[in-house]
Amino acid sequence: MTKNTNSKSKSKSKKQAGGTLLGLIIGLILGLGIAVGVAMVIYKTPLPFTNKAGNVDRAAPASNELSDPNKPLYGKKPPAKEPLPVPGAPAPTVSEETIKPPVVDKATAAKEKAQQKVEAAKAEAAKAESADEKWIYYLQAGAFGAMADAESMKAKLALMGFEATVSERQAETGTLHRVRIGPFGQLETMNRVRTKLSDNGVDVAVVRIGK
């Protein structure tokens, strides 16, 4: 009995070991088939990460282009793009006509300057002529309290070639004896005499009296 029982248990163990090995082999075959199928599906279908990266590359703007904040205002038609300056490229040349200074005619400039001087002289002469119509001028060489001092100045002027007169005027301090040259009907004539007196060291005052 014991021998039969042992033989039966050994036969049962062998059957169980054979079934387990067969199951492992079948499992390996099935796993390999599934792996091959998954690999074929992956190779036929584009990779999601690669596709996304490609889309990002295509959507990304060029590195040398800046985003335009006014792009929505252009509508469907894109604005005209100006070429960007290339680093190291020579600057655009400027035509000689734009940098050439204007030609100045020296003769014309001198003529205009002389004309301005003539006009200024005419204006001054007209002003003096208008004044001559309203005023009479005297050159007063001094006002003295003593008659002797007035006569002395009159004699000094006579030696220089200028004829003077002595006139009296009552003041708070007494009688003043005024030594005057004139009258002069023209302002220009009076100025010439005044200049000569100044050259000879005689200071005079201009007295203007209405006509």
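Given the structure is predicted, the values throughout are model-derived calculations rather than measurements.

What about a nonpolar patch on the surface?
Here is step 1 of the chain: A cluster of nonpolar side chains, contributed by L21, L24, I25 and I29, occupies part of the molecular surface with about 400 Å² of accessible area.
Here is step 2 of the chain: With respect to the helices, strands and loops of the structure, L21 is situated in helix α1 (residues 2-44).

Thoughts on the nonpolar core
Here is step 1 of the chain: In terms of nonpolar packing, the biggest core is built from 16 residues, with L139, L157, V179, I181, F184 and L197 touching the most fellow members.
Here is step 2 of the chain: Counting only elements with at least two residues in this core, the list comes to β1 (135-144), α5 (147-160), β3 (174-184) and α6 (187-199).

Re the packing of aromatic side chains
Any aromatic ring pair is given by two values, namely how distant the centres are and how the planes are angled relative to each other.
Here is step 1 of the chain: Summed over the entire model, instances satisfying the criterion amount to zero aromatic pairs.
Here is step 2 of the chain: The cationic tip of R180 hangs over the ring face of Y138; the distance from NZ or CZ to the ring centre is 5.8 Å.
Here is step 3 of the chain: Over the aromatic face of W135 sits the side chain of R208, whose NZ or CZ is 4.0 Å from the ring centroid.

Here's the deal with the sheet that holds β1
Whether parallel or antiparallel, the strands of a sheet pair through hydrogen bonds between backbone atoms.
Here is step 1 of the chain: The four strands lie next to each other as β2-β3-β1-β4, forming an open sheet whose pairing is antiparallel. This sheet does not close on itself; its edge strands, each paired only once, are β2 (165-171) and β4 (205-210). With direction set aside, neighbouring strand axes in the sheet form an average angle of 40°.
Here is step 2 of the chain: In this sheet, β3 lies alongside β2 in antiparallel orientation, the contact comprising seven bridges. Following the sheet pairing, E168 is matched in β3 by H177.
Here is step 3 of the chain: Of the strands in this sheet, β1, β2 and β3 are in contact with α5, which crosses β3 at around 20°.
Here is step 4 of the chain: Packed on one face of the sheet, α6 meets β1, β3 and β4 and runs near 25° to β1.

Overview of α6
Here is step 1 of the chain: An ideal rise of 1.5 Å per residue puts 18 Å on 13 residues; α6 measures up with 19 Å between its terminal C-alpha atoms.
Here is step 2 of the chain: Three or more residues of α6 are buried, namely M190, V193 and L197. Along α6, the residues classed as buried sweep out an arc of 65° about the axis, all on the same side. Pointing more than 90 degrees away from the buried face of α6 are the exposed residues E188, K196 and D199.
Here is step 3 of the chain: Against the buried residues of α6 lie β1, α5, β3 and β4.
Here is step 4 of the chain: Downstream of α6 by one or two residues, G201 has phi in the positive range, about 85°.

Section: the confidence of the model for the protein
Here is step 1 of the chain: Here the protein averages 74 in pLDDT, while 56% of its residues score no lower than 70.
Here is step 2 of the chain: Of all secondary-structure elements in the protein, the lowest mean pLDDT belongs to helix α2 (residues 48-59), at 48, while α5 reaches the highest, 94.
Here is step 3 of the chain: Every residue in residues 52-57 is under pLDDT 50, and counting partners more than four places away or in other chains gives zero contacts.
Here is step 4 of the chain: In this model, residues 59-64 is a region of pLDDT below 50 whose contacts with residues beyond four sequence positions or in other chains number one contact.

Thoughts on the environment of N200
Here is step 1 of the chain: Along the chain, N200 falls in the loop between α6 and β4.
Here is step 2 of the chain: We classify N200 as partly exposed; its relative accessible area is 45%.
Here is step 3 of the chain: Here the alpha-carbon distance between N200 and L157, two residues 43 residues apart in the chain, equals 9.9 Å.
Here is step 4 of the chain: A distance of 2.7 Å separates the side chain of N200 from the backbone oxygen of K196, its partner in a polar contact.

About the criteria used
- Residues numbered from 1 in each chain as written.
- Predicted model: local features only at pLDDT ≥ 70, side-chain atom pairs only at ≥ 80, totals over all residues.
- Heavy atoms only, no water.
- Patch = residues over 30% accessible without salt bridge, like charges linked within 9 Å, V, L, I, M, F, W, Y side chains within 5 Å.
- Areas by Shrake-Rupley, 256 points an atom, 1.4 Å probe, with all protein chains shown as cover.
- Salt bridge = Lys/Arg side-chain N within 4 Å of Asp/Glu carboxyl O.
- Helix = DSSP H or I, 4+ residues; strand = E, 2+ residues; numbered from the N terminus.
- Core = buried A, V, L, I, M, F, W, Y, C linked by side-chain atoms within 4.5 Å.
- Buried < 20%, exposed > 50% of the residue type's maximum accessible area, 1.4 Å probe, protein only.
- Phe/Tyr/Trp six-rings, centres within 6.5 Å; stacked < 30°, edge-to-face > 60°.
- Lys NZ or Arg CZ within 6 Å of the ring centre and 35° of its normal.
- Pairing = 2+ DSSP bridges.
- Axes fitted to C-alpha atoms, helices over the stretch in contact; angles between N-to-C directions.
- Contact = heavy atoms within 4.5 Å.
- Expected span 1.5 Å × (residues − 1).
- Arc of directions from axis to C-beta.
- pLDDT = per-residue confidence, 0-100.
- Polar contact = N/O pair within 3.5 Å; in protein donor to acceptor, adjacent residues only side chain to side chain.

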